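# Chains, contacts and geometry: an overview
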Amino acid sequence: MMHSLEIAIALAVVLGIAAQWLAWRFGFPAIVLLALTGIALGPVGGLLHPSQDFGSLYHTLVGLAVAVVLFEGGFSLRVEEIRGSVGGLARLTSLGVLLSWLLGTLAAHFVAGLSWPLAAVLGAILTVTGPTVVGPLLRHARLRSHAANLFKWEGIINDPIGALLAVLAFEYALGAGTGSTVPALTAKLVLILALTGAMGGGVGWLLGRLYGQGHVPEFLKAPGLLAAVVLVYVTANQMQAEAGLLATTTMGIVMGNRELAGALELRRFKENIVVFLVTVLFVVLTADVEVATLARLDWTSAAYVAVVVLVVRPLAVFLSTIGSRITWPERALLGWVAPRGVVAAAMAGLLGKNLAEAGYQGAELLFPLTFVIILVTVTLGGFTIRPLARRLGLIAEDPHGLLIIGASPWSIQLAQRLHEMGVRVLLADVSEYRLAPAEAVGVPTYWGEVLSDWGRQRLEIGRIGYLLAATENPSYNALACSRFAQELGRDRVFELPAGTGMDSDSPQLSQDIEGRLAFSHDATPDRMAHRYYLGWHFTVEKAPLSAERRTARAHRPECPEGGEPIMVVRRSGALALSSPDLIPEARPGDRLVCYVPGSDESEEETEDGSEAVAPASD
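A few points on the structure. (Residues numbered from 1 in each chain as written. Predicted model: local features only at pLDDT ≥ 70, side-chain atom pairs only at ≥ 80, totals over all residues. Heavy atoms only, no water.)

### Let's talk about the environment of Leu366
Inspection of the secondary structure puts Leu366 in helix α18 (residues 366-391). Sequence spacing of Leu366 and Met347 is 19 residues, and the spatial spacing of their C-alpha atoms is 9.5 Å. Leu366 has contacts with Leu114, Leu118, Val121, Leu122, Ala348, Gly352 and Leu355, leaving out every residue within four places of it along the chain. (Helix = DSSP H or I, 4+ residues; strand = E, 2+ residues; numbered from the N terminus. Contact = heavy atoms within 4.5 Å.)

If you want it as structure tokens, here you go:
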């Protein structure tokens, strides 16, 4: 088969996305499958040779992609996420990095047998735990918000710091023969870092101001942002190699903490790009490993990997967080799960090659050692983070909860019944007055605007699995579904059909922003409320477990006559809300929630379709 650049790119993209889908479908760690895909295409299959296929552009393209990933990571960071843990996080990303560098350098010299300059470079490279690998692991593990935020912040901040420490060690190694001293090189690097960091933050502030004042049209905001990231990265790199990583990260943090109109659309655009870049990058980098280079690793290399994983990282985390508010279970998980990713691989490949050309013996081992540590830490982290987090009590509860937006008498009654059933339910409204009856009966409530950034953070969306938008404003319901569909999935966000004033001839909202219709076509806010005042109420029909399959269908619960199915609560705790196009089937052991008429009140339809109350008998 003829080998070409087009085929190489197609294989990396298609198989990488396929690996991501398999990971999502079967619950495997995505990074592990991506690494295996790269190994299968490169060292094993010989179908993909990135450094040969891309030539001199290889490291340039990898650097640009990593810069975009780090910007997106910084853009997603919110200062509110780490309130109460600023001190611990500061230690983790300063003292913790320095301890990891020191301990890693000692291990590389005394265990792996590298010279001091090479050991210092490798020790710095392995301090990073980047978002390219941490992000997929967090999606797989579903940690509690505080623990997840610690992992996310540490990975994003450590990436540029570790890369720049590696550059410092690299400059020292190259300048050792020219008489340059470590203090002189350090002072030069600190000055450059201050300038590039200020440049990135300044560009982020300026862009935020331009976007906020309407000087950039909506259709150019996302492309303009991407162009600015590339410009900042390249400009900073002209001042110091890899300083662009710090500049783009700072730019992202500054922009992410400004109140920008359309910030959600920008985040979605960046998130989609980053998922694609991480997928391709990991496949490409692992495919570039040569079998002959891996074969040079011996038992000393295995011992070094073990020391890094079992001693260096845990010790650095525990020592740097002493006296902080980071809990012991969080420290244990941070110490064990430290996957290295794209930045570590890119820096090892680039610096190792340059040091080998400069005449350092053993420099060619930097990349294979780094690759093995990446593979080991990613595999261990991918398969152990969730079991270990569960044992440490850091796993978020399964996302089977229901968020109901809009407090009304009938929605309060529904929330109360679900709460009594043990279903995690949260009733949200902007009116404290409307929420008061729900609080009186013990229903968990949220008073505030759920569509604000602060509101979404307070909600802890990771514990919520479904949304029911039940306000009287159909446009607001559609907007809520659009906002939450990104996290929950389009099939898990529901809204009531439009109510009064929205007839068949009225302009309809775009289906792109609407959720699925809840219950039935006539379950409008007005009608749901009217039925409540007629005496309708929510009941629960539960089917007993059947020991025999042949009797299972007979035990399936059904709503009483005249009742309307609302949702099914599965034995697992998962919810299945009814909709006009799909009424979930209740199986044995499930519980069916129905909205049924009262025993003393009946509801009749008039000839024009409106509802009327049947007169009471004497």
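### As for the sheet that holds strand β10 (residues 591-596)
The four strands are arranged β7-β10-β8-β9 in an open sheet whose pairing can be described as antiparallel. Whereas interior strands pair on both sides, the edge strands pair on one side only; in this sheet they are β7 (537-542) and β9 (575-577). When the angles between neighbouring strand axes are averaged without regard to direction, this sheet yields 25°. As paired strands, strand β8 (residues 564-569) and β9 are joined by three bridges and run antiparallel to one another. Paired with Met567 across the bridge in β9 is Leu577. (Pairing = 2+ DSSP bridges. Axes fitted to C-alpha atoms, helices over the stretch in contact; angles between N-to-C directions.)

### Let's talk about the nonpolar core
Proteins that are soluble and globular tend to have nonpolar side chains buried together. Leu114, Met251, Met255, Phe282 and Tyr304 are the most contacted members of the largest nonpolar core, which totals 103 residues. When residues in this core are grouped by element, the largest group, eleven residues, is from helix α13 (residues 263-287). Contact partners of Met251, with chain neighbours within four places excluded, come to Phe71, Gly200, Gly201, Val203, Gly204, Leu207, Leu225, Ala228, Val229 and Val232. (Core = buried A, V, L, I, M, F, W, Y, C linked by side-chain atoms within 4.5 Å. Buried < 20%, exposed > 50% of the residue type's maximum accessible area, 1.4 Å probe, protein only.)

### With respect to a nonpolar patch on the surface
Taken together, the side chains of Trp21, Leu22, Trp24, Phe26, Phe28 and Phe383 define a hydrophobic patch exposed on the protein surface, amounting to about 720 Å² of accessible area. Here the nonpolar patch takes four residues from helix α1 (residues 5-26), the largest share from any one element. With respect to the secondary-structure elements, Trp21 resides in helix α1. Its relative accessible area of 46% is what places Trp21 among the partly exposed residues. (Patch = residues over 30% accessible without salt bridge, like charges linked within 9 Å, V, L, I, M, F, W, Y side chains within 5 Å. Areas by Shrake-Rupley, 256 points an atom, 1.4 Å probe, with all protein chains shown as cover. Salt bridge = Lys/Arg side-chain N within 4 Å of Asp/Glu carboxyl O.)

### Digging into the side chain of Thr248
Note that Thr248 resides in helix α12 (residues 243-256). Given a relative accessible area of 0%, Thr248 falls into the buried group. Apart from residues no more than four positions distant in its own chain, Thr248 is found in contact with Ala67, Leu70, Phe71, Val229, Val232 and Tyr233.

### Some points on the sheet that holds strand β3 (residues 445-447)
Taken in spatial order, the six strands line up as β3-β2-β1-β4-β5-β6 in an open sheet, and their pairing is parallel. Of all strands in the sheet, those bounded by a partner on one side alone are β3 and β6 (516-517). Along the sheet, helix α19 (residues 409-420) contacts β1 (401-405), β2 (425-429) and β4 (464-469); its crossing angle with β2, the most-contacted strand, is approximately 155°. Sheet contacts for helix α20 (residues 432-440): β2 and β3; angle to β3, the most-contacted strand, approximately 165°.

### Some details on the pairing of β10
Among the six residues in β10, five count as buried, and that is most of the element. In this structure, β7 lies alongside β10, joined through six bridges in antiparallel fashion. Among the inter-strand pairings, His537 is bridged to a residue of β10, identified as Val596. Pairing between β8 and β10: five bridges, direction antiparallel. When the bridges of β10 are listed, Glu564 appears paired with Tyr595.

Scope: geometric values only; no functional claims are made or implied.
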